[in-house]
Every structure is written in C-alpha cells, then in structure tokens.
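# Geometric and topological summary
Each chain, written out:
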Amino acid sequence: MTLTILGIESSCDDTAAAVVRGTEILSSVVYGQTDLHADFGGVVPEIAARAHAEKLDHAIEEALQKAGLTLANLDGIAVTSGPGLIGGVLSGVMCAKGISAATGLPLVGVNHLAGHSLTPRLTDQLPYPYLMLLVSGGHCQFLIVEGHDTYQRIGGTIDDAPGEAFDKTARILGLQQPGGPHVENAARNGDPKRFSLPRPLLNQPGCDMSFSGLKTAILRARDSVVAEKGGLELQDQADLCAGFQAAVTDVLIEKTRRAMQIYLEMNPAKRSFAIAGGVAANGAIRDGLLRLCAELDTDFVAPPLQLCTDNAAMIAYAGIEMMQAGHRDDLTLSARPRWPLDQRAAPMLGSGKKGAKA
Ligand code: KG4
Ligand code: ZN
C-alpha cells in the first residue's frame, strides 16, 4: 500500500513540513531563520527553538493546503526526533505528538541523518546498498546505506564539518551567513593557487577527515594580507575563498575515492554513490565528485539542491520506509540531541554549533 505521510523537521534553523505519498512529494514547505540569527554570526539555539514553536503550525497548514489534503487523508506523521539542537527537536516532537494524540494517526520518530541518507531513494529510487557522503553544517560522514535502519559509518570528520568551515571562513573574510553560497560565489573570481593552504589528513590512510586546521590557515593568511596591505581587497577575498574551496574539494574527492574502495570491497557488484547535506549544493564539489564517479565507473546521485539542504520531505519519506517495515512510536517518543546512525561505530569527537557531529 502506498502511504501518505506528513513530515516535520525542526532540528536546526529550518522549520519544515511536507506531505509525501510513496516517492511523490505532494508539498514541501521550508521556513528559514537566516534573518533571525544574522546579528549573532551563527544559529542561536533558544531563538531557533522559539521560532520553530511559532512557525510549525503554519508550515504544516501550508504543506497540507499545497498538497490539497487534510489530516484525515494522511496515513501517519513522521518527525525528526534527533540529532540536532534539543529545543528545536523538542518543538517538532511535541507538535507531532499533539497531532497524533488528537487524530489517532500513527507516529514515527526519524533520525535526521536517515532523512538525508535516504533522499536518493526518494528522488531516484536508488536501490540498496549505496555509498553516501553526508556533508552539511553539522555533519560529515561516509555511510554505507544497506537499509532504512542499517548503516555502516566508514569514516568522517574528526573535528569541524565542512559546512561549519565554509561558515567560519565567510565570517573571517567578512562575508554573510550562511557562508557556503557566499564563499562559492566569491571563489568564482579567485585564484585557488595564490595561497598555499593545507589538505589535512590527505595522506593518512582511511577516509577520516579534518577541517579545523584549514579554517585556522585562512585566518593566518587573512592576517598576513591585512598586515601587509592594511586591509582585504575584493581580489584577496576571492583568492582566499577559491583556495579554501579547492582545499575542501581536494580532501572530499580523495577521501571519497578511498571510501569507494572500502565500499566496493564489501559490495563489488553495486557501484553507486550519492551525496546529501547543504554542502552538496556546492558546484565545485559536485563537479569534482561527478568526475571521480565517471573515472570510477560509478553511478552518481546528487539530489536537487532543495532536497540536499534541510527539508521535511526527506523526513516524511524516511517515515514511509519505517512505517512500511512496521515501525511505530508512541507518545513516549523522546527528542535525542545525539543519535549516531551507525550505533556500532566509535563516537566522534565534540559537538558543533549546529549540534552533535556524529
Ligand atoms: O544540510 P544543511 O541545510 O543544514 C545542516 O547543517 O544540517 O546545511 C547547511 C550548511 C551550511 O553550513 C551552509 O554554509 C552549507 O551547508 N552550504 C554550502 C552551500 N550551500 C549551503 N556550502 C558550500 N557551498 C554551498 N553552495
Ligand atoms: Zn541536515
């Protein structure tokens, strides 16, 4: 039976609701919060939680209206129940529980990372298994996706996520937040070779990554330009952005090559690679990965940009797979700030401004 599910997402700074039927997105509504956090240089958890609580009802109403449905037409509700900023996750979980209690609709709590990881199945019906690079503001990991609840984490960042590094680089260079698109834009006019920037862990075995040193290198390079010229010109800014983006791209591509080797040793017959997460919107990174996949004779699935960044369609779709497998949660469903997809993998270090890194 094809299920029609309402998805709710509020784990970071986007308030989102969507209705998905099978693999068809009937509606997907995302209210961003960029303006609310603009003065603070990053996401403020309390402001985010309050905005989610205020906006969730509207997002859900709009999603139902755009889908041309009412709650009575749904088969269930899927809500992000972690990982993420706890106040935001709680807002979504409480809202979903309220609707479930009032309507009797079945409820499932979805791992936000499962939502990203299953997106290639929603957009391209990609069969299991496949290798996934999940790369966003809070996350960076290589996952072998074997089923909606079976993931093997084979590597990831040991410190910052690339999106966080893009955001910090933008801040260091006086560009707007979220930094990724602004850095990418400035990089178009820049010379990636002018500054010599590190490629951390590039020559280490395995597919773990590190991005915090790169951000420090950008800070030093900026300071030396400022010391020399008394300020940063547009060309300096462009060259620093281009150098930074080239370094991140080189690391992601080389580590993807290694992750692919590890994956193919386990699944030799299935050459499929997919990306998701906000940084997957970056053109230079997408192009580099596309070339790598062509070289490795591997299928490459890159979902459309609006389904790479946070959205609720991916949560609704993950909920559909879970409900089809018989999974249900009840009103004891709790919000989890940390929730690694691969429970067997060693925990990652630290927690970023957007929540847990693993
Ligand atoms: O997946 P996402 O919407 O939220 C989570 O972090 O879960 O990703 C947001 C991140 C931000 O750090 C943003 O700067 C980055 O994705 N990003 C980009 C681009 N667009 C968004 N990074 C590089 N290039 C882009 N074009
Ligand atoms: Zn995300």
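As shown above, the structure is provided for reference.
Residues numbered from 1 in each chain as written. Chains lettered and ligands numbered in written order. Predicted model: local features only at pLDDT ≥ 70, side-chain atom pairs only at ≥ 80, totals over all residues. Heavy atoms only, no water.

### Looking at the packing of helix α5 (residues 162-172) against helix α6 (residues 179-187)
Quick note on the threshold: The angle between two axes is taken between their N-to-C directions and runs from 0 to 180 degrees, where each axis is a line fitted to C-alpha atoms and a helix contributes only its stretch in contact. Each helix corresponds to a stretch of at least 4 residues labelled H or I by DSSP, and each strand to a stretch of at least 2 residues labelled E; elements are numbered beginning at the N terminus. Oblique is the label for every angle not falling under 35 degrees (roughly parallel), over 145 degrees (roughly antiparallel), or within 65 to 115 degrees (roughly perpendicular). Left-handed describes a crossing in which the near helix is turned anticlockwise from the far one by less than a right angle; the clockwise case is right-handed. In this analysis, two residues are considered to be in contact whenever any of their non-hydrogen atoms come within 4.5 Å of each other. When residue character is reported, Ala, Val, Leu, Ile, Met, Phe, Trp, Tyr, Cys and Pro are called nonpolar, Asp, Glu, Lys and Arg charged, and the others, Gly included, polar.
Taken N-terminus to C-terminus, the directions of α5 and α6 make an angle of 65 degrees; their axes are 8 Å apart at the nearest point. Considered as vectors, α5 and α6 are oriented roughly perpendicular to each other. You can see that α5 and α6 cross each other, and the crossing is left-handed. Contacts from Phe166, Asp167, Thr169 and Ala170 of α5 reach α6 at Gly179, Gly180 and Val183. Classifying every residue of the contact of α5 with α6 gives three nonpolar, three polar and one charged.

### Describing the sheet that holds strand β9 (residues 272-276)
Spelled out, the test is: We treat two strands as partners when DSSP finds at least two bridges between them.
One open sheet holds the five strands; their spatial order is β8-β7-β6-β9-β10, and the pairing between them is mixed. A single partner strand is all that each edge strand has here, and the edge strands are β8 (150-156) and β10 (299-301). Neighbouring strand axes in the sheet, compared pairwise and without regard to direction, differ in orientation by 25 degrees on average. Sitting on the sheet, helix α4 (residues 112-124) is in contact with β6 (130-135), β7 (140-147), β8, β9 and β10, with an inclination near 125 degrees to β6. Sheet strands touched by helix α8 (residues 234-266): β6, β7, β8 and β9. Its angle to β6, the strand with the most contacts, is close to 150 degrees.

### As for the site of ligand 1
For clarity, the threshold we go by: The near set for a molecule or strand comprises every residue that places at least one heavy atom within 4 Å of it. Side-chain atoms alone can form a polar contact between residues adjacent in sequence; in general such a contact is a pair of N or O atoms within 3.5 Å, and within protein one must be able to donate a hydrogen while the other accepts it. The Shrake-Rupley method, run with a 1.4 Å probe sphere, supplies the accessible areas, and residue values consider only the shown protein chains as cover.
Taken together, 21 residues sit near ligand 1, with Gly137, Asp167, Gly180, Glu184 and Gly278 positioned nearest. In the model, an oxygen atom of ligand 1 is placed 2.8 Å from a nitrogen or oxygen of the glycine 137 main chain. For ligand 1, an oxygen atom lies 3.2 Å from a polar atom in the backbone of glycine 163. Burial of ligand 1 by the protein chains amounts to 92% of its free accessible area of 550 Å².

### A short note on the pattern of salt bridges
Put simply, the rule reads: Salt bridge, as used here, is a side-chain nitrogen of Lys or Arg placed within 4 Å of a carboxyl oxygen of Asp or Glu. Exposure categories follow from relative accessible area, calculated using a 1.4 Å probe and restricted to protein chains: below 20% of the type maximum is buried, above 50% is exposed, and the middle band is partly exposed.
Tallied over the full model, the rule gives 14 salt bridges. Between lysine 66 and glutamate 62 there is a salt bridge, and its shortest N-O distance comes to 2.9 Å. With lysine 66 and glutamate 62 both in helix α2 (residues 45-67) and four residues apart, the pair spans about one turn of that helix. On the accessibility criterion, lysine 66 (52% relative accessible area) is exposed. Note on glutamate 62: relative accessible area 22%, which makes it partly exposed. A salt bridge links aspartate 236 to arginine 194; the shortest N-O distance between them is 2.9 Å. On the criterion of sequence distance, the pair formed by aspartate 236 in helix α8 and arginine 194 in the loop between α6 and α7 (212-229) is long-range, its members being 42 residues apart. Linked by salt bridges that have partners in common, Arg194, Lys229, Glu233, Asp236 and Asp239 make up one network.

### So, the pairing of strand β4 (residues 76-82)
What counts here: Note on handedness: a clockwise path from strand one over the helix to strand two, with the strands aimed away from the viewer, defines a right-handed crossover.
Of all seven residues that make up β4, seven are buried, and the element is covered over most of its length. The sheet contact formed by strand β1 (residues 4-9) and β4 spans four bridges and is parallel. Along β4, the bridge assignment pairs leucine 6 with isoleucine 77. As judged from the five bridges shared by β4 and strand β5 (residues 107-111), these two strands associate in the parallel manner. Pairing of alanine 78 across the sheet is with valine 108, part of β5. As a crossover connection, the stretch from β4 through helix α3 (residues 86-103) into β5 is right-handed.

### Quick look at the sheet that holds β4
Here we have five strands laid out as an open sheet, ordered β3-β2-β1-β4-β5, and mixed in their pairing. With one partner strand each, in any of the chains shown, β3 (24-32) and β5 form the two edges of the open sheet. Shown here is a sheet whose adjacent strand axes are inclined to one another by a mean of 20 degrees, direction ignored. Across the sheet, helix α11 (residues 313-324) lies against β1, β2 (14-21), β3, β4 and β5, angled at about 120 degrees from β5, the strand it touches most.

### Side note on unusual backbone geometry
Residue proline 83 follows glycine 82 across a cis peptide bond; omega there is -15 degrees. In this fold, proline 83 is placed in the loop between β4 and α3. Here the phi dihedral of leucine 201 falls at roughly 60 degrees; this positive angle occurs in a residue that is not glycine. With respect to the helices and strands, the residue leucine 201 is situated in the loop between α6 and α7. The phi dihedral of aspartate 297 is positive, around 55 degrees, even though this residue is not glycine. Along the polypeptide, aspartate 297 turns up in the loop between α9 (283-295) and β10.

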